[in-house]
Amino acid sequence: MNEQELCQKRLMDLSKQANRKGIVLFSDFLNLSELNIYHRIEQSLETKTEIYGGVPCAERQIIAFIPDALFYEWDYPIAALKIVAAYPKFAEKLGHRDILGAIMKLGIDRCKLGDIIVGEESSYLLCAESVADYFIDHLDRIRHTVVKLERVSCAEPAVCHNLEEREGIVTSNRIDAILACVYRLSRSKSLEMIRSEKVFINGAEMLNPSYICKENDVISVRGFGRFVFQGEYGTTNKGRLKIKYQVYTD
């Protein structure tokens, strides 16, 4: 059984267990490929489902399997940890890769980690509630910078995504045209990315180059990053579309 089949079986089993026990069960944090498997089998699951990563538009997300007969309130087992330099005067500029590298050295499985949001003064780690205290106790250095961690509300990192507003001009709202505009590529190169299974829209793999992008679609491209398509705001004299989008820069 390959990894995709194992992931599908795991999700199906969680849905069956939640339905049988009458309780909400949760997956680990899933990456884009795993979320795509979820989207493919969503209609065949025994329970309702919801996905969330702790902040809006999170790339790594947890699935909640919700049985019909549910009589209690529940919340996602996600913790938000704020990472700050213990001695700001001597701190280095730390990036996403630095933080992830330090975390992985602690031996925690990647499936327990959500998004890492890098800010100017502080950064944030979204993780499974079960490992939050371990990180607080053991993550004390990133590269040469001494750091300290504290729990915060998920509302705090939610407003710290580094989003850069940009505009562009396209012939249509097709995904291949949008990708070519956002990443300054030829149309043929954007088609190649789609055919190479590198493009995901709202967590689902997109193989259709003629898909029409909708307002607030979150588009992820492996090796390039993520952006939010915000829609059109007018046309040029030649009838081309003016678009707005937000690029994640952290």
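Before reading on, note that the structure itself is shown above.
Quantities reported herein were computed from a predicted structural model and do not represent experimental measurements.

Novice: Outline the overall build of the protein chain, listing residues and values.
Specialist: A tally of helices and strands in the protein chain yields seven helices and 14 strands. Whereas a compact globule of 250 residues would reach a radius of gyration of roughly 18 Å, the protein chain reaches 20 Å, a difference of no more than 12%. Along the first, second and third principal axes, the C-alpha atoms of the protein chain reach 60 × 55 × 35 Å. Residue burial in the protein chain is summarised as follows: out of 250 residues, 44% are buried. Of the roughly 13,500 Å² of accessible surface on the protein chain, 48% is carried by carbon and sulfur atoms.

Novice: Lay out the sheet that holds strand β8 (residues 145-152) in plain terms, naming residues and giving numbers.
Specialist: Read across the open sheet, the five strands follow the order β5-β6-β4-β8-β7; overall the sheet is antiparallel. With one partner strand each, in any of the chains shown, β5 (113-118) and β7 (141-142) form the two edges of the open sheet. Strand direction decides the pairing type here: β5 and strand β6 (residues 123-128), joined by four bridges, are antiparallel. Bridge pairing links V118 to S123 in β6. In this fold helix α4 (residues 129-138) packs onto β4 (78-85), β5, β6 and β8, with an angle of close to 135° to the strand it touches most, β6.

Novice: Any details on the environment of E164? Residues and values, ideally.
Specialist: In this fold, E164 is placed in strand β9 (residues 163-170). A C-alpha to C-alpha distance of 5.3 Å links E164 and Q246, two positions 82 residues apart in sequence. A distance of 2.8 Å separates the side chain of E164 from the side chain of R166, its partner in a polar contact.

Novice: Describe the pattern of salt bridges, listing the residues and the values that go with them.
Specialist: For the structure on display, the rule yields 12 salt bridges. The partner of K112 in a salt bridge is D28, with the nearest N and O atoms 2.9 Å apart. Highlighted residues: K112 in the loop between α3 (96-104) and β5 and D28 in the loop between β1 (25-26) and α2 (32-41), separated in sequence by 84 residues. The closest approach of N and O atoms between R187 and D176, which form a salt bridge, is 3.0 Å. Note that R187 is positioned in helix α7 (residues 187-195) and D176 in helix α6 (residues 175-182), a separation of 11 residues in sequence. For D176, a relative accessible area of 2% gives the class buried. Members of the salt-bridge network, linked through shared partners, are E59, D115 and R226.

Novice: Describe unusual backbone geometry, with residues and values.
Specialist: Phi at R143 takes a positive value of approximately 55°, unusual for a residue other than glycine. Topologically, R143 is positioned in the loop between β7 and β8. Even without being glycine, R184 reaches a positive phi, approximately 55°. If you trace the backbone, R184 turns up in the loop between α6 and α7. When its relative accessible area of 63% is taken as the criterion, R184 is described as exposed.

Rules used throughout
- Residues numbered from 1 in each chain as written.
- Predicted model: local features only at pLDDT ≥ 70, side-chain atom pairs only at ≥ 80, totals over all residues.
- Heavy atoms only, no water.
- Helix = DSSP H or I, 4+ residues; strand = E, 2+ residues; numbered from the N terminus.
- Rg over C-alpha atoms; globule rule 2.2 N^0.38 Å.
- Buried < 20%, exposed > 50% of the residue type's maximum accessible area, 1.4 Å probe, protein only.
- Areas by Shrake-Rupley, 256 points an atom, 1.4 Å probe, with all protein chains shown as cover.
- Pairing = 2+ DSSP bridges.
- Contact = heavy atoms within 4.5 Å.
- Axes fitted to C-alpha atoms, helices over the stretch in contact; angles between N-to-C directions.
- Polar contact = N/O pair within 3.5 Å; in protein donor to acceptor, adjacent residues only side chain to side chain.
- Salt bridge = Lys/Arg side-chain N within 4 Å of Asp/Glu carboxyl O.

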